[in-house]
Amino acid sequence: MTSPLLEVRDLRTAFPSAQGLLHVVDGVSFELSKGEVLALVGESGSGKSMTALSTLRLVPKPGRVVSGSVKLRGEELLDLPVTEMRRIRGGRVAMIFQEPMTCLNPVVRVGQQVVEAIRLHETVAPAEARARTRELFAEVGIPDPDERLDAHPHQLSGGLKQRVMIAMALSTRPEVLIADEPTTALDVTVQAQILALLRDLQRKRGAAILLITHDLGIVNELADRVAVMYAGRLVEVAGREALLSDPRHPYTQGLLRSIPALSAPGEPLPEIAGVVPSPDQWPSGCRFSTRCPKRFEPCADTFPIETEPTRGRRVWCHEVEREAGAGGGS
């Protein structure tokens, strides 16, 4: 069996508080294979972005990764010296952040920012780095790339700034690309263009993509597998088609019911009652128990064990566990 390209095991990230350490990522495990797109989905506050930042050791202080393992081709990233981790970050593993307007330096021309990223990781002359940047701009669909090289961020639309960020992420030919809400704040037409671009680049380059999103429409467009996250933990992991056609966890079911396209015309849009609790208010049992319509006696006090009702699927739910025990799992 081929080893995973990226392997995350029992990852825990915490922030200090008056109550002690609050674990905003609490025992998350997943794998990502070469050429695969894994979507990490859930509402805001579920811990998706913090999971991604943790894999790259970019957790904002005073937070820190307190335990777990993150391996890239079998090499443990959490134990590497800072200088070595910097070479991997932005090199072998690159990230597209969700707000290009805040990630680009407003006073430096966008072409120069990509040139600097290339030269940070490779020993190349400025002219060669600029030529490669021009090629990248053309590859990601930036019109008039020669002219755009010398533009400042404020001279570009939101969609073009996002394409610059994608070009920067691809500039070092990464093995793993982390895309954090890559279509946030973009209009529907530009969103479709960015998604098509990511799909095309993934197919041509063969990079693995960890796609972080709350939009299940994007999941259907890009993902091979889906990991659903809630309140710092995974609740369900499955292939895209299996998860979208037959969600097992009540939280996944609620997310799918809330998609406008699946609601009857003229009917109120179904929603999941309540909000994601803050880490200092997480139940001791299933994190979703305070909002779950299917909760019963053990849910609030006992965290469910991992259940595999079907091949290739992982679910953490007392109701699914009870069904499997009664012969409901296959």
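Above this note sits the structure.
An account of the accompanying structure is given in this report.

Cut-off values and rules
Residues numbered from 1 in each chain as written. Predicted model: local features only at pLDDT ≥ 70, side-chain atom pairs only at ≥ 80, totals over all residues. Heavy atoms only, no water. 1 Å grid on protein atoms, 1.4 Å probe; cavity = no way out; pocket = protein on both sides within 12 Å on 5 of 7 lines; lining within 4 Å. Points joined across faces, edges and corners; volume = space filled by probe spheres on them. Nonpolar A, V, L, I, M, F, W, Y, C, P; charged D, E, K, R; others polar. Phe/Tyr/Trp six-rings, centres within 6.5 Å; stacked < 30°, edge-to-face > 60°. Lys NZ or Arg CZ within 6 Å of the ring centre and 35° of its normal. Salt bridge = Lys/Arg side-chain N within 4 Å of Asp/Glu carboxyl O. Helix = DSSP H or I, 4+ residues; strand = E, 2+ residues; numbered from the N terminus. Contact = heavy atoms within 4.5 Å. Pairing = 2+ DSSP bridges. Axes fitted to C-alpha atoms, helices over the stretch in contact; angles between N-to-C directions. Parallel < 35°, antiparallel > 145°, perpendicular 65-115°, else oblique. Left-handed = near helix turned anticlockwise from the far one by under 90°.

## Brief notes about empty space enclosed by the protein
Inference 1: Tallied over the full model, the rule gives three cavities of 30 Å³ or more.
Inference 2: Computed from the structure, the largest cavity encloses a volume of approximately 70 Å³.
Inference 3: In this structure, the largest cavity is lined by H249, P250, C286, S289, C292, K294, R295, C299, C317, H318 and E319.
Inference 4: For the lining of the largest cavity, the residue count by class is five nonpolar, three polar and three charged.

## A short note on the packing of aromatic side chains
Ring pairs (aromatic) are described by centroid distance and by the angle formed between their planes.
Inference 1: In this structure the tally under the stated criterion is three aromatic pairs.
Inference 2: Members of the aromatic cluster, each reached through a chain of ring pairs, are Y230, Y251 and F288.
Inference 3: Directly above the ring of F303 sits R233, whose terminal nitrogen or CZ lies 4.0 Å from the centroid.
Inference 4: Over the face of the ring belonging to F296 we find R322, whose NZ or CZ atom lies 3.9 Å from the ring centre.

## Points about the pattern of salt bridges
Inference 1: Here the structure, examined in full by the defined rule, presents 24 salt bridges.
Inference 2: A salt bridge links E7 to R9; its shortest N-O distance comes to 3.4 Å.
Inference 3: Of the charged contacts, one joins D10 and R12 as a salt bridge, the two residues approaching to 2.5 Å between their closest N and O atoms.
Inference 4: Within the structure, one salt-bridge network assembled from shared partners comprises D10, R12, D26, R233 and R287.

## Focus on the environment of T184
Inference 1: Secondary-structure assignment places T184 in the loop between β7 (176-180) and α8 (188-205).
Inference 2: For the pair formed by T184 and P100, sequence separation is 84 residues and the distance between their alpha carbons is 9.6 Å.
Inference 3: The contact partners of T184, leaving out residues within four places of it in the chain, are Q98 and E99.

## A closer look at the sheet that holds strand β1 (residues 6-17)
Inference 1: As summarised here, the arrangement of the four strands in space is β2-β1-β4-β5, forming an open sheet in which the pairing is antiparallel. For this open sheet the edge positions go to β2 (20-32) and β5 (75-76), each flanked by a neighbour on one side alone.
Inference 2: Bridge count for strand β4 (residues 64-72) against β5 is two bridges, and the pairing is antiparallel. Residue pairing across strands places L72 opposite E75, the latter belonging to β5.
Inference 3: Contacts from helix α1 (residues 48-55) reach β1, β2 and β4 within the one sheet, and its direction differs from that of β1 by about 110°.

## A short note on the packing of helix α4 (residues 110-121) against helix α7 (residues 158-170)
Inference 1: Contact pair α4 / α7: the axes reach a minimum separation of 9 Å and the direction vectors enclose 20°. Classified by the angle their axes make, α4 and α7 are roughly parallel. Our pair here, α4 against α7, has a crossing hand that is right-handed. Facing α4, whose interface residues are V110, Q113, V114 and A117, α7 presents V164, A167 and M168.
Inference 2: Residues of the contact of α4 with α7, tallied by class, amount to six nonpolar, one polar and no charged.

## Concerning the sheet that holds strand β12 (residues 314-316)
Inference 1: Within the open sheet, the eight strands sit side by side as β6-β7-β8-β3-β9-β10-β12-β11. Their pairing is mixed. Looking along the sheet, the strands with just one partner apiece sit at the ends: β6 (93-96) and β11 (306-307).
Inference 2: Sheet topology places β6 next to β7; four bridges connect them, and they run parallel. Looking at the pairing, A94 lines up with L177 of β7.
Inference 3: Packed onto the sheet, helix α11 (residues 250-257) meets β9 (225-230) and β10 (233-239) and runs at close to 105° relative to β9.

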